[in-house]
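Topology and contacts: notes
Spelled out from the first residue to the last, the chains are:
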Amino acid sequence: MTTVTPTASTTGTAKRVAAEPRSPRRSSTRRRSTPLTIAMLAVLAYFLLPLFWLLIASTKSTQDLFNSFGLWFSHAPRLLSNIKATFTQDDGVFGRWLLNTVLYAGASALGAALLAAAAGYGFAKYRFRGHGAAFNLVLGAIMIPTTALAIPTYLLFAKAGLVNTPWAVILPSLISPFGLYLMRIYAEDAVPDSLIEAARMDGAGEFRIFCTIGLRLLAPGLVTVILFTLVATWNNYFLPLIMLNDPNLYPVTVGLSSWAARAQNGGAGASSDMLALVVTGSLISIIPLVLAFLLLQRYWQSGLATGGVKQ
């Protein structure tokens, strides 16, 4: 058997090869696409340009809104004075509208998330007669636009005597077919069957298992449904419009719409800067939604990803 003795040259070559950093694989290198970059910048501008215009317009008077360039500040910015005028107009009714919107959206989001979690957990972990038909009915309900149900909902609430009350906005918003579908898909993977069986063997009841185990494991999905419902209820306009007659019960959407109508028609109590107040109020009304997304973004992303990946 022949033994090969390494020479100095081969040893030095081996050391140089070991010392040199390995070049990354060609498949893992990032390639930049100029058309794709331009397309993404165009999409970014499409979404951010309205927000930028709203911020700029909130610093202007009604006259400057029409006489100055829309995407830049006027000679005399007045954001703070517009905010103050918005909150003092009509004896501070805008602040009440904000509180009403927080109440409607918060109660609806929490209630809809809990109901969707309970129903989705039931569809995912239990089998009963009519299971498939009931879930197909939920999927069909997703296709029905909410505006098509507004008039029947109004007639039903009128019979119950709940029109012109906060319940007329909160109760219809508790039903979220898409949230139920999302929670059912999420619960199938997030809640292991073995964990449920272990809890049953320890003597825990079904309701206790759901409250102590199911809800904790479904927390990311709950946050996702909360965000979806929060945005939908916060921006809801048609349902409060037909359900509420008292201006003190209006949410921000209906309240600002009434101000805009007064600014165009010159109704009672309309000021010369009413249109500027509508724009400023619109800017203020989106700040809570932006904060909610920033605070709950990581839960929202994980909730979407986990429910769509099979273990």
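In this text the structure is predicted, and so the values were computed from the model without any measurement.

**Brief notes about the overall build of the chain**
The number of helices and strands found in the chain is 15 helices and 0 strands. When each of the 311 residues of the chain is scored for burial, the buried share is 34%. Sequence-distant contacts in the chain: of pairs separated by 6 or more residues, those separated by 24 or more amount to 75%.

**Here's the deal with the packing of helix 10 (residues 193–201) against helix 11 (residues 206–217)**
Think of two packed helices as two axes; the pair is described by the angle between the axes and how far apart they sit. At a minimum axis separation of 10 Å, helix 10 and helix 11 run at an interaxial angle of 145°. Here helix 10 runs over helix 11; the crossing is right-handed. On helix 11, the residues that touch L195, I196, A199 and R200 of helix 10 are E206, I209, I213 and L217. Its residues placed into classes, the contact of helix 10 with helix 11 shows 6 nonpolar, no polar and 2 charged.

**Some details on unusual backbone geometry**
The backbone phi angle of D90 is positive, close to 55°, even though this residue is not glycine. One can find D90 in the loop between helix 4 (79–88) and helix 5 (93–125).

**Quick look at the packing of helix 5 against helix 12 (residues 219–234)**
At a minimum axis separation of 8 Å, helix 5 and helix 12 run at an interaxial angle of 140°. When you trace helix 5 past helix 12, the crossing you get is right-handed. Of the residues contributing to the contact of helix 5 with helix 12, the split by class is 15 nonpolar, 5 polar and no charged.

**A few points about the side chain of N100**
The residue N100 is located in helix 5 in this model. Overall, N100 belongs to the buried group, its relative accessible area being 11%. From its side chain, N100 meets the backbone oxygen of N248 in a polar contact 2.7 Å long. Discounting residues that sit within four places of it in the chain, N100 has contacts with N248, L249 and Y250.

**Comments concerning the confidence of the model for the chain**
Per-residue confidence for the chain averages 84 on the pLDDT scale, and 84% of its residues sit at or above 70. Mean pLDDT in the chain bottoms out at helix 1 (residues 8–19), which sits at 48, and peaks at helix 5, which reaches 95. Note on residues 23–28: pLDDT under 50 across the span, and 0 contacts to partners over four residues away in sequence or across chains. Counting contacts from residues 307–311, a segment whose pLDDT is below 50, to residues more than four positions away or on other chains yields 7 contacts.

**Describing the packing of aromatic side chains**
Applying the stated rule across the entire model yields 11 aromatic pairs. Ring geometry for F94 versus W259: centroids 6.2 Å apart, planes at 25°, classification stacked. Pair noted here: F94 is in helix 5 and W259 is in helix 14 (residues 252–265), with a separation of 165 residues, a long-range link. Assigned by exposure class, F94 and W259 land together as buried. Geometrically, the ring pair formed by F123 and F128 is tilted, given 5.8 Å between the ring centres and 50° between the ring planes. Taken together, the ring pairs in this structure connect F87, F94, W97 and W259 into an aromatic cluster. A cation sits over an aromatic face here: R184 above F135, 4.2 Å from the ring centre.

**Some words on the pattern of salt bridges**
Across all of its chains, the model carries 5 salt bridges by this definition. The shortest N-O distance in the salt bridge between R200 and E197 comes to 2.9 Å. Here the residue R200 and the residue E197 both occupy positions in helix 10, the gap between them amounting to 3 residues, near one helical turn. Of the charged contacts in the structure, one is a salt bridge between E206 and R200, with a shortest N-O distance of 2.9 Å. Judged by its relative accessible area of 34%, E206 falls in the partly exposed class. Residue classification places R200 among the partly exposed residues on the basis of a relative accessible area of 30%.

**Some points on the nonpolar core**
Counting residues in each nonpolar core, the largest one holds 29 residues, and the members touching the most others are A117, Y121, M183, I209, L218, V225 and L230. Where this core is concerned, the elements lending two or more residues are helix 5, helix 9 (177–190), helix 10, helix 11, helix 12 and helix 15 (274–307). Within the second largest apolar cluster, 27 residues are counted, among which are I170, M243, Y250 and L256.

**Topic: the environment of I196**
Checked against the element boundaries, I196 lands in helix 10. Given a relative accessible area of 4%, I196 falls into the buried group. Each C-alpha atom, one on I196 and one on G214, is 8.7 Å from the other, the two residues being 18 residues apart in sequence.

Conventions used here
- Residues numbered from 1 in each chain as written.
- Predicted model: local features only at pLDDT ≥ 70, side-chain atom pairs only at ≥ 80, totals over all residues.
- Heavy atoms only, no water.
- Helix = DSSP H or I, 4+ residues; strand = E, 2+ residues; numbered from the N terminus.
- Buried < 20%, exposed > 50% of the residue type's maximum accessible area, 1.4 Å probe, protein only.
- Contact = heavy atoms within 4.5 Å.
- Axes fitted to C-alpha atoms, helices over the stretch in contact; angles between N-to-C directions.
- Left-handed = near helix turned anticlockwise from the far one by under 90°.
- Nonpolar A, V, L, I, M, F, W, Y, C, P; charged D, E, K, R; others polar.
- Polar contact = N/O pair within 3.5 Å; in protein donor to acceptor, adjacent residues only side chain to side chain.
- pLDDT = per-residue confidence, 0-100.
- Phe/Tyr/Trp six-rings, centres within 6.5 Å; stacked < 30°, edge-to-face > 60°.
- Lys NZ or Arg CZ within 6 Å of the ring centre and 35° of its normal.
- Salt bridge = Lys/Arg side-chain N within 4 Å of Asp/Glu carboxyl O.
- Core = buried A, V, L, I, M, F, W, Y, C linked by side-chain atoms within 4.5 Å.

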